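Commentary on secondary and tertiary structure
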Amino acid sequence: MKAKMVLAAALIAAIALCAGCHKSDDPFRGDNRPGKTNGGGNNSGNGGNGNGNVTTGDPVAKLMSTWKISYIGREEFTEDNGFISDVERFSVSGPSSKFTVRFITVSEFLDYYTEGDIDSYLKDEQNLSGDVFDAPGDILFDRIRVGDWYAFVLGLDSSEKLTGEYCMLEFEIFEDSVAEDEYSAFLGTWMIGNEYVRYKIDLSKSELNYTYFVDGWETGGSISESDGMVMDQEWFETFYDRHNHKMYFVSQTIGTYDDENLGNVEEVFFGKIHYTGNMHEHADYIVDGYGIDLAEVTISEDGKTASVEPCTVTMTFDEGDSYTTSFYKMQYLCWSNDNESWYDYNANVPSLPLTMTKVEETAPSSVRGIKRANDGALRRSGKAGVRVFVPRSERTVRAVKAGSRAL
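Bear in mind the structure is a predicted one, so any value in this text is a computation, not a measurement.

**Details of the pattern of salt bridges**
Note on pairing: side chains with opposite charge can pair once their charged atoms come close. This model, assessed by the stated rule, comprises 13 salt bridges. Where Asp344 meets Lys272, a salt bridge forms, and the shortest distance between an N and an O atom there is 3.0 Å. Of this pair, Asp344 sits in strand E23 (residues 341–344) while Lys272 is found in strand E16 (residues 263–275), placing the two residues 72 residues apart along the sequence. For the pair Asp344 and Lys272, one class covers both residues: buried. Lys358 is the partner of Glu361 in a salt bridge, and the nearest nitrogen-oxygen pair spans 3.4 Å. Residue Glu361 is classed as exposed on the basis of its relative accessible area, which comes to 56%. Residue classification places Lys358 among the buried residues on the basis of a relative accessible area of 14%.

**Quick look at the sheet that holds strand E3 (residues 62–63)**
An order of E3-E9-E8-E6 is seen for the four strands of this open sheet, with the pairing classed as mixed. The outermost strands of the open sheet, each flanked by one partner alone, are E3 and strand E6 (99–105). One ladder, built from two bridges, connects E3 with strand E9 (residues 162–173); its direction is parallel. In the strand pairing of E9, Lys62 is matched with Glu165. Across the face of the sheet, helix H2 (residues 118–125) comes into contact with E6, strand E8 (147–156) and E9 while running at roughly 105 degrees to E9.

**Focus: the pairing of E23**
Consecutive side chains of a regular strand alternate in pointing toward one face of the sheet and then the other. Side chains of E23 alternate between two faces, with Ser341 and Tyr343 and Trp342 and Asp344 buried alike. Inspection of the sheet shows strand E22 (residues 329–336) paired to E23 by four bridges, in the antiparallel sense. Looking at the pairing, Ser336 lines up with Ser341 of E23. Connecting E22 to the antiparallel partner E23 that follows it, the hairpin turn spans four residues, and Glu340 within it adopts a positive phi of roughly 55 degrees.

**What about unusual backbone geometry?**
In this chain, Leu352 is followed by Pro353 through a cis amide linkage whose omega measures 0 degrees. Relative to the elements of secondary structure, Pro353 occurs in the loop between E23 and strand E24 (354–360). One non-glycine residue with positive phi stands out, namely Glu160, at about 65 degrees. For Glu160, the position within the fold is in the loop between E8 and E9. Residue class for Glu160 comes out buried when judged on its relative accessible area of 10%. For His245, which is not glycine, the phi dihedral falls at a positive 60 degrees. By the secondary structure assignment, His245 is in the loop between strand E13 (235–241) and strand E14 (246–250).

**Here's the deal with the nonpolar core**
By size, the foremost hydrophobic cluster in this structure holds 47 residues, and its most contacted members are Trp217, Phe249, Val308 and Met330. A per-element tally of this core places E16 first, with four residues. Setting aside residues up to four positions removed in sequence, Val308 forms contacts with Ile192, Phe249, Ala295, Glu296, Val297, Met330, Leu352, Pro353, Leu354 and Met356. With 21 residues, the next largest nonpolar core counts Ile69, Ile139, Val153 and Val388 among its residues.

**Description of the side chain of Gln252**
Tracing the backbone shows Gln252 in strand E15 (residues 252–259). For Gln252, a relative accessible area of 0% gives the class buried. Engagement of the side chain of Gln252 in a polar contact is seen with the backbone oxygen of Glu237, the distance being 2.7 Å.

**What to know about the confidence of the model for the chain**
Mean pLDDT over the chain: 78, with 73% of residues reaching 70 or higher. The lowest-confidence element of the chain is strand E26 (residues 405–406), averaging 33 in pLDDT; the highest-confidence one is strand E19 (residues 305–310), averaging 98. Here residues 1–20 is a poorly scored stretch, pLDDT under 50, and it has 92 contacts once near neighbours within four places are set aside; other chains count. In the predicted structure, residues 366–384 sits below a pLDDT of 50 and forms 41 contacts with residues beyond four places in sequence or in another chain.

**Quick word on the environment of Tyr275**
Tracing the backbone shows Tyr275 in strand E16. In this structure the C-alpha to C-alpha distance between Tyr275 and Met315, which are 40 residues apart in sequence, comes to 9.4 Å.

**So, the pairing of strand E4 (residues 68–78)**
The pairing of E4 with strand E5 (residues 84–93) spans 10 bridges and is antiparallel. Directly across from Phe77, in E5, lies its bridge partner Ser85. Hairpin connection of E4 to E5: five residues between the antiparallel strands, including Gly82 at a positive phi of 95 degrees.

Criteria and cut-off values
Residues numbered from 1 in each chain as written. Predicted model: local features only at pLDDT ≥ 70, side-chain atom pairs only at ≥ 80, totals over all residues. Heavy atoms only, no water. Salt bridge = Lys/Arg side-chain N within 4 Å of Asp/Glu carboxyl O. Helix = DSSP H or I, 4+ residues; strand = E, 2+ residues; numbered from the N terminus. Buried < 20%, exposed > 50% of the residue type's maximum accessible area, 1.4 Å probe, protein only. Pairing = 2+ DSSP bridges. Contact = heavy atoms within 4.5 Å. Axes fitted to C-alpha atoms, helices over the stretch in contact; angles between N-to-C directions. Core = buried A, V, L, I, M, F, W, Y, C linked by side-chain atoms within 4.5 Å. Polar contact = N/O pair within 3.5 Å; in protein donor to acceptor, adjacent residues only side chain to side chain. pLDDT = per-residue confidence, 0-100.

Shown next as structure tokens:
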């Protein structure tokens, strides 16, 4: 598929500390693409060092009958700044040395590993990074999506290589049965944008009381074949915060594909900021990281309109100076693994803040929601779908300088 894109080049050494609206319970995790972070940090439970350095050899599976991992349940975690997150608490007992914890959906495990081949599973896990724990205890993880899951405790030697020792747990996360009124208020068809660019988007149920499917972003408005790509086949998710009854646009991965010009690319939905400080070049920057709040949506009392306000981010440069600003755009982007460069699908996307006006109470994408749910299970869950919970104040993300050269 050919399309006009805008190149965003030159990775810089700036680091951005998320200081945004709230702590999202984003379940997605990035891969190990150069320049990407996976939101590492110190685990809030016992024994976590969050160093993310797991290098492994060729392990042979050995079930440890004295090891155990238990799912304690979902709970609320309140940070010092008052933000509340839904987290999952697990308890690990038995290991006398370092270990890591991995998750995979039951369906994906059975699809990939015939008759539950643990040896093959460990072989696939040996090159993946993850959090390392020094001692048994309770561990907090981000909210886990609805479905049947396996949790693995994998033993590590002193060099943090997989030993083959393991124990496992099968558990299930159930979906809420009753929709909250405040969650339902966001469902429907909306016009979103500013006076220059507007889109007609559909918000339909993804996971009840937690997430929505969004169709229609970067379609219509000023988008045409002459100035960009119409993204009418794409979708992403927004997050509902049941603690403050607001919705959040959040950075996330969309998927990977092969492009005839760019080679292998990863598609994402990320945010941009504009630097206007005195220490560095005035330019646009892509904030490279997952689960970052880009914009906060507050709905009116009558449910007919909503305001979309940008969240903030603090960039800290190598020289030590920092710069706090707000996101001013959020859009589909892609990273070319072959070219090691960023590209826009559309240069002309609406600048924050935005307004939303409800057009229909029920989104016509409800039928498409079945396919969306199936697609989501494939592209958003699985082996890399769960991560250790990290409080917002400890999360860091990279900033990438964005250019404007057309492809």
